[in-house]
Structure formats: structure tokens, C-alpha cells
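# Breakdown of the fold
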Amino acid sequence: MNQYWDPHAYVRDASFVSELATPVIELLNPRPGERILDLGCGDGVLSRKLMDMGCVVIGIDSSPDMVKAAVELGVDARVGDGQELAFYEEFDAVFSNAALHWMTHPDAVISGVQRALKPGGRFVGEFGGYGNIETVIRALRKALPKYGIDFDKINPWYFPTAEEYRARLEAHSMDVRLCELIPRPTRLNTQLVNWLKVFARRFLDAVPEFERENFLEEVVTHCKGGLQNLEGKWILDYVRLQFIAFKPSRPKSCKM
Ligand code: BEZ
């Protein structure tokens, strides 16, 4: 079951995702003329940015509505599952921001990325790591059983430790140059309830419609002490996992 994405709600309540992407673009260090796959391109704002830096970009996203929004920005965006990439040695880099935590089969992702990269190409990204939105998860775990729902059965998120992710990259013969967790408390420019409607939609959809408002109120109440400041602003306990990994270059043929 895929999460449904509403591009309008995303622009209204989640534009901070691309606004906070400067560090990961710096990690990517894109150069004009490079062919880049933007894995989980969403509404295409970052793909467009890479194109404006002179790169040739293909975007992939599982949401047709988000792909439509990306195409409207002029991006060559395609609907596709990041866990079933079908490219072969086409890209100088595969880039991903705030998307890999939605792909719960990380080995399938890495294997497809490995295949898609040219020898010597790089996989650079950032996504939610271990401990990400811990307070929200605790609140969901408390609230959901009342509606007969088991968090773990429908959890759509993958938030690994740096050690786990490094090991997975290395198991696919990637040369890992960086893999670390970075706590990044993130201030919302909206109410938590609106964030939940965009990002925790899988859980909301599982609750009977007539109970959804109560459920949301309960989750928000559980989070108040930990995440709301004295001015009433919400600061989420984001933890990012940043990584850079290279596909080995082809060994030079030995001269006899
Ligand atoms: C994140 O970007 O960290 C995130 C995305 C979806 C759900 C939770 C967190």
C-alpha cells in the first residue's frame, strides 16, 4: 500500500523539506553536464535546482500526483518504484533527499542504485535515521491500539542506524566515504496536526473516518510536552542520516 501524496498540501505544510536540502546538495557537489537520477524526486523542486546547476536529471517517484507536479516544473520525471530501478550504468550520481525512509526494502534500493550508476559513480543522500521523530512514534504507538491498530504492522518508515546502512551499502560493494546520523530539530511552519495529515497518512487512513479527529487530537496531546515550545511552535525531533558511497571503478585491464 502506497502513501498518498497531495502536492498542494505538500507545498503548504512540507516545503521545509526542500528548503532544508542545501547540505545534501553540497554533499552531492553536482557538476554541469552530469547525469543524475533523483530518487524519490517528489514535486521536483530539487531536481529543478540540479537542472539549473547544469545537470541532466531524471526524477523517479512512486506518486503520480507528485510526478505530475515535477513535470510541470520541466523535470523529466517518471512514476516508478525506487525498489525496482531498471537503469543500467547510466548515471554519474544517484541523489536522494527525504525519500529513502519511505522504501522499506533498502537492499532492493541499493542493488538498483548500484546497477544504475556508471563505474565510479556516486550515491549521495539524506533521509530519516535511527531516532527520527521518536516522540511522534511514541505517541502513535500509544494512540493506535485503542483503534485496534498495531503500529509495526503498518509502519511505512525505515529509519536505520548509520552502522546498519553502511553495512548494507558495503554488502553491495559500495565504497562508503560518509555515513552518519545528524540530529536536526526541525521547526514546522504549520501545526503538528497538518504535518500528521501529510506524513503520517498511512496511520490516519487506518483509523475509521469518524474517529480520525479524536485520534489526531490524542497524538498531538501526547507530543505537546516534548515538541511544542513556549510560543506554541512545533519543533520535531528529526534525525538525518547522510551518506556518500561510490561504485568502484572498473579495474584497469592488466597489460601483459
Ligand atoms: C522525515 O523526513 O524525516 C520524515 C518523513 C516522513 C515521516 C517522518 C519523517
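I will try to describe carefully the structure that is included in this document. Note that the coordinates shown come from a computational prediction; the quantities given were computed from them, not determined experimentally.

## Quick notes on the pairing of strand S2 (residues 56-61)
Within S2, five of the six residues are buried, which leaves the element mostly enclosed by the surrounding structure. For strand S1 (residues 35-39) and S2, the ladder comprises five bridges, and the chain directions are parallel. Paired with Leu 37 across the two strands is Ile 58, which belongs to S2. Note on the crossover from S1 through helix H4 (residues 45-52) to S2: the handedness is right-handed. Across four bridges, the pairing between S2 and strand S3 (residues 76-79) is parallel. Paired with Ile 58 across the two strands is Asp 76, which belongs to S3.

## Observations regarding the site of the ligand
Around the ligand, the neighbouring residues are His 101, Trp 102, Asn 132, Ile 133, Trp 157, Phe 159, Trp 195, Phe 199, Tyr 238 and Arg 240. Asn 132 has a polar side-chain atom sitting 2.8 Å from an oxygen atom of the ligand. Between the ligand and Arg 240, the relevant distance is 2.5 Å, taken from an oxygen atom to a side-chain nitrogen or oxygen of the residue. Expressed as a share of its isolated accessible area of 260 Å², the protein-covered part of the ligand is 99%. Classifying every residue of the shell around the ligand gives seven nonpolar, two polar and one charged.

## Observations concerning the packing of aromatic side chains
For the coordinates displayed, the defined rule picks out 13 aromatic pairs. Between Phe 127 and Tyr 165, the ring centres sit 5.0 Å apart and the planes meet at 65°, which makes this aromatic pair edge-to-face. In this pair, Phe 127 sits in strand S5 (residues 117-128) while Tyr 165 sits in helix H9 (residues 162-171), placing the two residues 38 residues apart along the sequence. Phe 127 sits in the buried class, given a relative accessible area of 0%. Taking the relative accessible area as the measure of exposure, Tyr 165 reaches 2% and is therefore buried. Ring pairs connect the aromatic residues Trp 102, Phe 151, Trp 157, Phe 159 and Phe 203, which therefore count as one cluster. The ring of Phe 246 is capped by Arg 177, whose NZ or CZ atom sits 4.3 Å from the centre of that ring.

So, how was this worked out
Here the residue index of a chain counts from 1 through its sequence in written order. Selection of residues for local features in this predicted model requires a pLDDT of at least 70, selection of side-chain atom pairs for listing and counting requires 80 or more, and totals for whole chains, interfaces and linings are taken over all residues. For side-chain calculations, the full set of non-hydrogen atoms in the structure is used, while hydrogens and water are omitted. Each residue is placed in one exposure class: buried if its accessible area under a 1.4 Å probe, protein chains only, is under 20% of its type's maximum, exposed if it is over 50%, and partly exposed if it falls in between. For the purposes of this entry, the term helix denotes a DSSP run of H or I that reaches at least four residues, the term strand denotes a run of E that reaches at least two, and both are numbered from the N terminus. At least two DSSP bridges between two strands are needed for those strands to be called paired. With its strands directed away from the observer, a crossover is right-handed exactly when the path from the first strand over the helix to the second travels clockwise. For each residue, the test is whether any non-hydrogen atom lies within 4 Å of the molecule or strand; if one does, the residue is near. Here a polar contact means two N or O atoms within 3.5 Å. Within protein one must be a hydrogen donor candidate and the other an acceptor candidate, and residues neighboring in sequence count only if both atoms are side-chain atoms. We get accessible surface area from the Shrake-Rupley algorithm with a probe of 1.4 Å; when it comes to residues, only the shown protein chains can shield them. Each residue is assigned to one of three groups, with Ala, Val, Leu, Ile, Met, Phe, Trp, Tyr, Cys and Pro labelled nonpolar, Asp, Glu, Lys and Arg labelled charged, and all others, Gly among them, labelled polar. Planes of paired rings set the category: under 30 degrees apart is stacked, over 60 is edge-to-face and the rest tilted, where pairs are Phe, Tyr or Trp rings (Trp by its six-membered ring) whose centres lie within 6.5 Å. Put simply, a charge is over a ring when the Lys NZ or the Arg CZ is close to the ring centre, within 6 Å, and near the line of the ring normal, within 35 degrees.

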